Amino acid sequence: MSDEDTVGRLLEEGEAPQIPEVKYEYLDHTADVHLHAVLDDFWGSDLKESFEQVATAMFNYMTTDYDRVEMKFVFEIEVSGDDILSLLYRFLDEFLFVFSTEPFFIPRVIKITEFDLETFKIKAQGFGESFDTAKHPQGTEVKAITYSNMQVHQDLDTHNIFVIIDI
């Protein structure tokens, strides 16, 4: 079995995207981790980028040196939901599943290629490699995504996402 069969498609030279600016933070929580992605006049962009940022925040928490993750492969996912919260949950859960099972894929960059809020569907690509404890210092294991206090705010000037992940 080739790497392409298990990890995703090998990237061509120059195909890897730019690493985006960090537009998320970790909020205090008693037992778990509270992720917050906010895009506003200061941080810029839209709800799609907020989804990308909160997923990136989750992966950044799983290694103590996220900068060591190289973009060697692209792995594609497709999810759908019944509403905006279930769409966010399934988006994060699908990427967590890809990390938690063979090939243990950790994306350095996540790009949403299709974002449909009428039918609640997302197609996305993760650019990264297989997680290797010899190369990637292990951070905190994320056991699950939760609906607990999950929020998506779509105001005119801001796009806030709050997600608690179970560690």
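Calculation notes
- In this convention, every chain numbers its residues from 1, walking through the sequence in written order.
- Given that this is a predicted model, residues contribute local features only at a pLDDT of at least 70 and side-chain atom pairs are listed and counted only at 80 or more, while totals for whole chains, interfaces and linings are drawn from all residues.
- Just so you know, side-chain values use all the structure's heavy atoms and leave hydrogens and water out.
- Numbered from the N terminus, helices here are DSSP runs of H or I no shorter than four residues, and strands are runs of E no shorter than two.
- The globule rule is 2.2 Å times the number of residues to the power 0.38, and the radius of gyration it is compared with is taken over C-alpha atoms.
- Using a 1.4 Å probe on the protein chains alone, a residue whose accessible area is under 20% of its type maximum counts as buried, one over 50% counts as exposed, and one in between counts as partly exposed.
- Pairing of N or O atoms within 3.5 Å defines a polar contact, subject to two protein rules: one partner must be a possible hydrogen donor and the other a possible acceptor, and residues neighboring in sequence count only if both atoms are side-chain atoms.
- Two strands form a pair only when DSSP identifies at least two bridges running between them.
- Pairs of residues are marked as contacts when any of their non-hydrogen atoms sit within 4.5 Å.
- To get an axis, a line is fitted to the C-alpha atoms, and for a helix only the part in contact is used. The angle between two axes follows their N-to-C directions and goes from 0 to 180 degrees.
- Stacked, edge-to-face and tilted labels apply to pairs of Phe, Tyr and Trp rings (six-membered ring for Trp) whose centres lie within 6.5 Å, assigned for plane angles under 30 degrees, over 60, and everything in between, in that order.
- By definition here, a salt bridge exists when the distance from a side-chain nitrogen of Lys or Arg to a carboxyl oxygen of Asp or Glu is within 4 Å.

Draft legend 1. Summary view of the overall build of the protein. A tally of helices and strands in the protein yields three helices and nine strands. Starting at the N terminus, the α and β elements of the protein follow one another as α-β-β-β-α-β-α-β-β-β-β-β. The globule rule puts the C-alpha radius of gyration for 167 residues at 15 Å, and the 15 Å found for the protein is close to it. Across its three principal axes, the protein shows a C-alpha extent of roughly 45 × 35 × 30 Å. Across the 167 residues that make up the protein, the buried fraction comes to 46%.

Draft legend 2. Spotlight on the side chain of glutamate 49. Looking at the element boundaries, glutamate 49 is found in helix α2 (residues 47-61). Among the residues examined, glutamate 49 registers a relative accessible area of 12% and is labelled buried. Within the local environment of glutamate 49, its side chain forms a polar contact with the side chain of lysine 23, the two groups lying 2.9 Å apart.

Draft legend 3. How the structure looks around the sheet that holds strand β4 (residues 73-80). If you trace the four strands from one edge of the open sheet to the other, you get β1-β4-β6-β5, paired in antiparallel fashion. The open sheet terminates on both sides in strands that have one partner only, identified here as β1 (9-10) and β5 (105-116). Its contacts with the sheet put α2 on β5 and β6 (121-130), and the angle it makes with β5 is roughly 160 degrees.

Draft legend 4. Expanded view of the packing of aromatic side chains. In total, this model carries 10 aromatic pairs according to the counting rule given. Between phenylalanine 59 and phenylalanine 95 the ring centres are 6.3 Å apart and the planes differ by 90 degrees, which places this aromatic pair in the edge-to-face class. Highlighted residues: phenylalanine 59 in helix α2 and phenylalanine 95 in helix α3 (residues 84-100), separated in sequence by 36 residues. Taking the relative accessible area as the measure of exposure, phenylalanine 59 reaches 0% and is therefore buried. Given the relative accessible area of 1%, phenylalanine 95 is considered buried. Taking the centre distance of 5.3 Å and the plane angle of 70 degrees together, the rings of phenylalanine 99 and phenylalanine 131 count as edge-to-face. Of the two residues, phenylalanine 99 sits in helix α3 while phenylalanine 131 sits in the loop between β6 and β7 (144-145), which places them 32 residues apart along the sequence. No difference in accessibility class separates phenylalanine 99 from phenylalanine 131, as the two residues are buried. Through a chain of ring-to-ring contacts, the aromatic side chains of Phe51, Phe59, Phe91, Phe95, Phe99, Phe115 and Phe131 assemble into a single cluster.

Draft legend 5. Quick peek at unusual backbone geometry. Proline 103 follows glutamate 102 through a cis peptide bond whose omega is 15 degrees. Phi is positive for asparagine 149, which is not a glycine, with a value near 60 degrees. With respect to the helices and strands, the residue asparagine 149 is situated in the loop between β7 and β8 (151-154).

Draft legend 6. Up close: the pattern of salt bridges. On inspection of all chains with the given rule, the structure shows eight salt bridges. Of the charged contacts, one joins lysine 72 and glutamate 129 as a salt bridge, the two residues approaching to 3.6 Å between their closest N and O atoms. Remark: glutamate 129 occurs in strand β6 and lysine 72 occurs in the loop between α2 and β4; sequence separation between them is 57 residues. Note that glutamate 129 is salt-bridged to lysine 135, the shortest N-O span being 2.9 Å. One network of salt bridges, with partners in common, ties together Glu70, Lys72, Glu129 and Lys135.

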